[in-house]
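Here's the letter readout for the chains.
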Amino acid sequence: MGDITPAVTPLGAYAPRRFMSTQRPQNQFGAIVVGAGPAGVAAVGNLLEEKSGPILWVDNLFDGGRLNKHYREVPSNTRVKRFAGFLDGVEVFKQIEKEMPKPNGMTQLRSLDQENTCYIAEAADMCMSLTEGLSEERGVWKQQGSVTKAAWSETNQWSVSIAPTDTSVSPVTLSASMLILCTGSEPISGTLPAPNLREIGLDPALSPTLLSQTLSKDTPSTVAVIGASHSAILVLRNLYNLASSTHPHLRIKWFTRHPLRYAEEKDGWILRDNTGLKGHVATWAKEHLEEDVLSASPVSQFLQKVSTTRGNEQEVYARELKDCTHCVQAIGYVKSPLPDLLVNDQKVDLQFDHDSAGFEDKKTGEVVRGLYGAGIAFPERVTDPEGNVEMAVGLFKFMKFLRRVVPQWKA
Ligand SMILES: Cc1cc2nc3c(=O)[nH]c(=O)nc-3n(C[C@H](O)[C@H](O)[C@H](O)COP(=O)(O)OP(=O)(O)OC[C@H]3O[C@@H](n4cnc5c(N)ncnc54)[C@H](O)[C@@H]3O)c2cc1C
């Protein structure tokens, strides 16, 4: 893989203009889609392909979800052509691309080297252009707000309560035959391992700009980074880049339980495709963080690796965190909180089916009618040729899953 684009497209270069929903259908919608991250975009596109509109689409911002909000400066772990594959996924996206005034987030993505990686900003801008194009003329009504509750009954099917973003506007309740949850995930934030530490959230730590503003350039600080995932390595690289340039008093302590795990190209498939390190992050980790290279790498001037095990972690933390000032916990992601979900007036505990994208009631095992999920919170389960099971995460994979299952979705 070659170099990635040197500059990140400025925030919102292709941001959708603000909108006001007018002349909404009075009667029931075909589907209500919750969330306008890439999964929401793909779900709306696939529902239109299956003629399941009109669609009510709900999100507080309609600006690309977490890709735009938090990951613009993150180098992608997928090649540009995978984002282009997302764009080619459904007919309505191709129409939007053809008809939208240029330049836009789609033309920008097409102009990049398709075999290379890019910054996530490029994928975020593509999603924002698609969001703008998924308009009322195409049967998509956008409601700015947050879904707080959804209740299914035989008479109304899904009745969905929405708290508008504009708090001066009263909450609304609207109905649809299907409800699609594309609500995303967020970093796990566990209790800090020592009381003396100031937490730096994983989201700001993934942005070199925010990280640089968070840390002092003049006073010594030592940041503990916990974890060895893709996100953890991105944070280590961001910190190293600061320590070796604008923040000379910055030091890093990296706490890891296990060796680094890389995605591996096999014959026609990828081992650890969804869990292993990829792209520039993998290259950097191999060149600087592996046991046999770290001590000779310039990274070791600023970074100290501390190996832990589940058994000795507390003891190691007590000893090694004493001289740390800050902590970034890169210990995984968890589903964002779901709205309250009721079936026939009873709260349901849901079990997601990673093959059909539907849900069951955990207690009764019954299928919850007309309820589906997509995206990082509700991914497809895949098994590789060696029998390893993973969750398929990434824009192209969300699209591929939806292409397979949406034709089967019913109220
Ligand atoms: C660090 C990192 C790097 C990644 N890099 C790549 C990459 O290179 N390539 C790739 O393909 N994938 C990548 N991914 C994976 C994935 O594409 C992203 O995580 C993506 O943001 C997931 O999209 P989503 O739509 O499922 O969720 P999100 O982007 O989180 O969007 C969810 C949306 O739902 C809204 N929402 C939630 N609850 C409600 C509610 N009750 N009412 C209304 N709206 C609601 C949220 O506000 C948000 O706008 C990366 C992930 C991470 C963490």
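Our structure's up above, just so we're on the same page.
Residues numbered from 1 in each chain as written. Predicted model: local features only at pLDDT ≥ 70, side-chain atom pairs only at ≥ 80, totals over all residues. Heavy atoms only, no water.

Caption draft 1: Local environment of the overall build of the chain. Scanning the chain from N- to C-terminus turns up 13 helices and 21 strands. Its C-alpha atoms give the chain a radius of gyration of 22 Å, near enough to 22 Å, the size a compact globule of 411 residues would have. Overall, the chain is about 65 × 50 × 50 Å in size when its C-alpha atoms are taken along their principal axes. Scored against the burial criterion, the 411 residues of the chain give a buried share of 53%. (Helix = DSSP H or I, 4+ residues; strand = E, 2+ residues; numbered from the N terminus. Rg over C-alpha atoms; globule rule 2.2 N^0.38 Å. Buried < 20%, exposed > 50% of the residue type's maximum accessible area, 1.4 Å probe, protein only.)

Caption draft 2: Focus on the site of the ligand. The environment of the ligand is made up of 32 residues, and the closest members are Asp59, Asn77, Thr78, Ile376 and Leu395. Note that an oxygen atom of the ligand is positioned 2.7 Å from one of the side-chain N or O atoms of Asp59. Within the backbone of Leu395, one N or O atom sits 2.8 Å away from an oxygen atom of the ligand. For the ligand, whose accessible area on its own is 980 Å², the fraction buried by protein is 90%. (Near = heavy atom within 4 Å. Polar contact = N/O pair within 3.5 Å; in protein donor to acceptor, adjacent residues only side chain to side chain. Areas by Shrake-Rupley, 256 points an atom, 1.4 Å probe, with all protein chains shown as cover.)

Caption draft 3: Main features of the sheet that holds strand β12 (residues 303–307). As summarised here, the arrangement of the five strands in space is β7-β13-β8-β9-β12, forming an open sheet in which the pairing is parallel. Two strands in the sheet have a free side with no partner beyond their single neighbour: β7 (198–199) and β12. Together, β8 (221–226), β9 (250–256), β12 and β13 (326–329) form the strand contacts of helix α9 (residues 230–243), whose direction differs from that of β9 by roughly 160°. (Pairing = 2+ DSSP bridges. Contact = heavy atoms within 4.5 Å. Axes fitted to C-alpha atoms, helices over the stretch in contact; angles between N-to-C directions.)

Caption draft 4: Region of interest: helix α3 (residues 80–87). Where burial is concerned, most of α3 is hidden: six out of the eight residues are buried. Taken residue by residue, α3 has Val80, Phe83, Ala84, Gly85, Phe86 and Leu87 as its buried positions. Where the residues of α3 are buried, they touch α1 (38–49), α4 (91–99), α5 (105–110), α6 (120–133) and α13 (395–405).

Caption draft 5: Structural context of the pattern of salt bridges. Per the stated rule, a full pass over the model turns up 22 salt bridges. Two residues, Arg257 and Glu313, come together in a salt bridge whose shortest N-O distance is 2.9 Å. Of this pair, Arg257 sits in the loop between β9 and β10 (264–265) while Glu313 is found in helix α12 (residues 313–320), placing the two residues 56 residues apart along the sequence. By relative accessible area, which is 10% here, Glu313 ends up buried. One salt-bridge network, held together by shared partners, links Lys253, Arg319, Glu320 and Asp323. (Salt bridge = Lys/Arg side-chain N within 4 Å of Asp/Glu carboxyl O.)

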